[in-house]
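Chain and residue survey
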Amino acid sequence: MKLEHEVVRDLYPLYMENELSPAVKQAVDAHLSECEACRNTYQTGEGFFDHIKELENTEVPNTVDDKVWLKIRLTRYKWITAVLIAVILTLLVTDYKSGREKLMLEFENYYRSQELLPVMINIVKEPEHSGDLEYVQRAVNQLFVDKIALEEHLNFIEKHQLNNTEYYLSINTSNFNSMLEIMEFRFDQGMWSETDEAAYQAMQQYFDELNQMSTRQYRKFKHGYSSYFETLDVDEFDRFYKDINNLSDSYTRFHKLPEELQPMGEKELTKQVAHILGVYEEKVELKKESPLNGSPYTYQFHIEGQFDGLIDGLNGQLLEVHSYPTELDGPTLGREETEGKVKEHVEKIYGSNLSYDLVPMGVNASNASNDYKLYSFKIVPKYKGYPLYTPLEQGTVMIINARTGGINMFNHNPDVPSYKDIEKQHLEVAVSLETLNIQGVTETVMIYSAISGKFELVHMNPSLEYFEKGKFYSAKTGKEEWIYVGGR
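To keep things clear, this report deals only with the structure shown in the data block. (Residues numbered from 1 in each chain as written. Predicted model: local features only at pLDDT ≥ 70, side-chain atom pairs only at ≥ 80, totals over all residues. Heavy atoms only, no water.)

**Examining the packing of helix H10 (residues 173-188) against helix H12 (residues 234-254)**
- Direction vectors running N to C along H10 and H12 enclose 55 degrees, while the axes themselves pass 9 Å from each other. Put simply, H10 runs oblique to H12. Like other packed secondary-structure pairs, H10 and H12 cross with a definite hand, here left-handed. Seen from H10, the contacting residues are Asn175, Phe176, Ser178, Met179, Ile182, Met183 and Arg186; seen from H12, they are Ile244, Leu247, Ser248, Asp249, Tyr251 and Thr252.
- Grouping the amino acids of the contact of H10 with H12 by side-chain chemistry returns seven nonpolar, four polar and two charged. (Axes fitted to C-alpha atoms, helices over the stretch in contact; angles between N-to-C directions. Helix = DSSP H or I, 4+ residues; strand = E, 2+ residues; numbered from the N terminus. Parallel < 35°, antiparallel > 145°, perpendicular 65-115°, else oblique. Left-handed = near helix turned anticlockwise from the far one by under 90°. Contact = heavy atoms within 4.5 Å. Nonpolar A, V, L, I, M, F, W, Y, C, P; charged D, E, K, R; others polar.)

**Here's the deal with unusual backbone geometry**
- The backbone of His255 shows a phi angle near 55 degrees, a positive value even though the residue is not glycine.
- Here His255 is to be found in the loop between H12 and helix H13 (266-277).
- Relative accessible area serves as the criterion here: at 11%, His255 is assigned to the buried category.
- With a phi angle near 50 degrees, Lys384 is a residue other than glycine that sits in the positive phi range.
- Within the secondary structure, Lys384 sits in the loop between strand E6 (373-383) and strand E7 (386-387). (Buried < 20%, exposed > 50% of the residue type's maximum accessible area, 1.4 Å probe, protein only.)

**A short note on the pairing of strand E8 (residues 396-401)**
- For E8, a buried count of six out of six residues is recorded, marking the element as mostly surrounded by other parts of the structure.
- Of the two faces of E8, the one holding Thr396, Met398 and Ile400 and the one holding Val397, Ile399 and Asn401 are both buried throughout.
- In the sheet, E6 pairs with E8 via six bridges, with the strands oriented antiparallel. The residue of E8 that forms the bridge with Ile379 is Thr396.
- In this sheet, strand E9 (residues 407-411) lies alongside E8 in antiparallel orientation, the contact comprising four bridges. Within E9, the position partnered with Val397 by the bridge is Asn411.
- What sits between the antiparallel neighbours E8 and E9 is a turn of five residues, in which Gly405 has the positive phi angle 80 degrees. (Pairing = 2+ DSSP bridges.)

**Quick look at the nonpolar core**
- Counting 95 residues, the largest nonpolar core has Met203 and Phe301 as the members making the most contacts within it.
- The leading source of residues in this core is helix H11 (residues 194-220), at nine residues.
- Judged by nonpolar contacts, the second largest core, of 14 residues, contains Val8, Val24, Leu32 and Cys35. (Core = buried A, V, L, I, M, F, W, Y, C linked by side-chain atoms within 4.5 Å.)

**Regarding helix H8 (residues 133-151)**
- Under the 1.5 Å per step criterion, the end-to-end length of H8 is 27 Å for 19 residues, consistent within 8% with the ideal 27 Å.
- Every buried residue of H8 is listed here: Leu133, Val136, Gln137, Ala139, Val140, Leu143, Asp146, Lys147, Ala149 and Leu150. (Expected span 1.5 Å × (residues − 1).)

**A look at the state of the cysteines**
- For the structure shown, the criterion picks out zero disulfides.
- Among the cysteines around Cys35, which has no disulfide bond, Cys38 carries the closest sulfur, lying 3.6 Å off.
- On the basis of relative accessibility, which here comes to 0%, the residue Cys38 falls in the buried class. (Disulfide = S-S within 2.5 Å.)

**With respect to the layout of surface pockets**
- Size it by volume and the largest pocket reaches roughly 780 Å³.
- Phe254, Gln425, Tyr448, Gly453 and Lys454 are, among the 31 residues lining the largest pocket, the residues nearest its centre.
- Only H10, strand E11 (455-460) and strand E13 (480-481) provide two or more residues apiece to the lining of the largest pocket.
- A class-by-class count of the residues in the lining of the largest pocket yields nine nonpolar, nine polar and 13 charged.
- As a volume, the second largest pocket reaches approximately 580 Å³.
- Residue lining of the second largest pocket: 34 residues in total, with Asn175, Ser178, Tyr484, Val485 and Gly486 positioned closest to the centre.
- Elements supplying a minimum of two residues to the lining of the second largest pocket: H10 and H12.
- For the lining of the second largest pocket, a count of residues per class yields 13 nonpolar, 13 polar and eight charged. (1 Å grid on protein atoms, 1.4 Å probe; cavity = no way out; pocket = protein on both sides within 12 Å on 5 of 7 lines; lining within 4 Å. Points joined across faces, edges and corners; volume = space filled by probe spheres on them.)

Shown next as structure tokens:
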């Protein structure tokens with residue numbers, strides 16, 4: 001049996017594994033004794049991989065049986081597979097190494113951004129730096145930008161952790177900035193209290209902890225080649241974001257610490273929704289709303305085929321209601337009957353002691369059908385005749401079905417946590433408009449104060465836009481007041 005050069009080279013792996021039949025092995029040995037090139041290939045292995053591509057198109061002589069040819073093909077594919085796996089692994093390792101290097105670089109930026117924040121926050125209690133809060137706010141905004149850049153280079157384990165966090169390593173900058181401004185204002189005005197000091201110390205503590213966490217991680221990423229095997233402890237960092245967001249929310253909304261708040265249980269909230277909307281409790285489905293969308297205590301509720309909405313988990317205040325529209329026949333309600341239905345809903349939502357004005361906003365017809373009519377009303381709470389001022393024309397709005405009197409849509413004022421405590425307030429006008437004597441300040445209203453986290457009577461300049469500083473002055477002290485603007 002005489003073999004060609006290409007066949008002998010193909011048989012190399014089978015020859016080395018001693019898998020050739022005696023007759024074929026003898027033919028190979030005979031060829032090697034005469035061919036120096038093939039003998040060199042068998043001795044060194046050189047040239048074998050160069051011919052892998054050529055072998056795909058090689059025609060095998062009929063002198064080689066089918067079994068030998070099958071072994072040749074299988075062995076060839078083993079070698080090709082091994083090479084491909086090696087290439088893929090090399091690419092994966094290179095890509096992972098590159099990703100870790102980029103993560104380390106972005107984390108260094110994050111580390112530098114947060115490094116000075118514990119010191120910068122001292123500006124709140126330094127009168128000589130009054131008005132310099134923008135530097136702290138810029139630093140916090142930069143921290144968010146660096147977090148976004150960091151996120152792009154997380155590995156799959158870190159991304160999984162991130163997707164399961166509550167706050168996604170994000171600060172509610174609106175609440176946080178408001179907290180700093182309120183703290184600075186209260187300190188400058190001599191209004192500093194135990195609550196202010198406790199909130200300030202907690203804020204310092206949280207940023208100190210962030211600095212310690214960042215330092216530990218920074219050192220792990222600066223530890224030679226072993227740094228490539230380190231991962232970012234996303235869960236540990238998210239605890240900081242949970243603490244600082246809960247603090248800023250409770251301080252700006254209620255002027256309280258998070259531990260002073262007592263959230264309601266889900267069973268109690270379910271009962272509240274069922275009572276207000278007139279449904280069975282077992283039909284109400286509750287789900288915790290993402291704190292990134294607003295308050296950490298808000299719940300979504302769903303009543304199959306009837307309603308969706310939001311409820312505040314702290315005080316049971318219904319925040320939003322949206323009903324499922326239906327086509328109805330029959331007469332529409334008259335004005336008095338309509339207002340009577342609205343008052344029934346208001347009493348269920350806010351209790352029977354709320355004093356308010358009901359302001360008709362007109363009749364709306366559905367885009368789908370002119371037969372589906374809705375009556376809209378604005379609910380304006382009052383205290384001893386003083387109306388609640390609402391910026392940006394948001395307020396509390398209720399839309400009811402013109403035929404059934406049922407709630408079609410309801411939105412509670414997003415700038416006031418609840419109206420339930422208005423009647424419990426003891427508000428007074430100790431400083432009259434004449435005594436205050438500030439040009440343009442001509443109206444007395446009630447607001448929900450960002451300074452105290454309570455309802456306050458204030459004298460207001462109605463000509464200024466929205467909720468500008470210098471628009472409100474306390475009717476109790478004559479000092480400047482700020483209106484709370486929260487939103488969801």
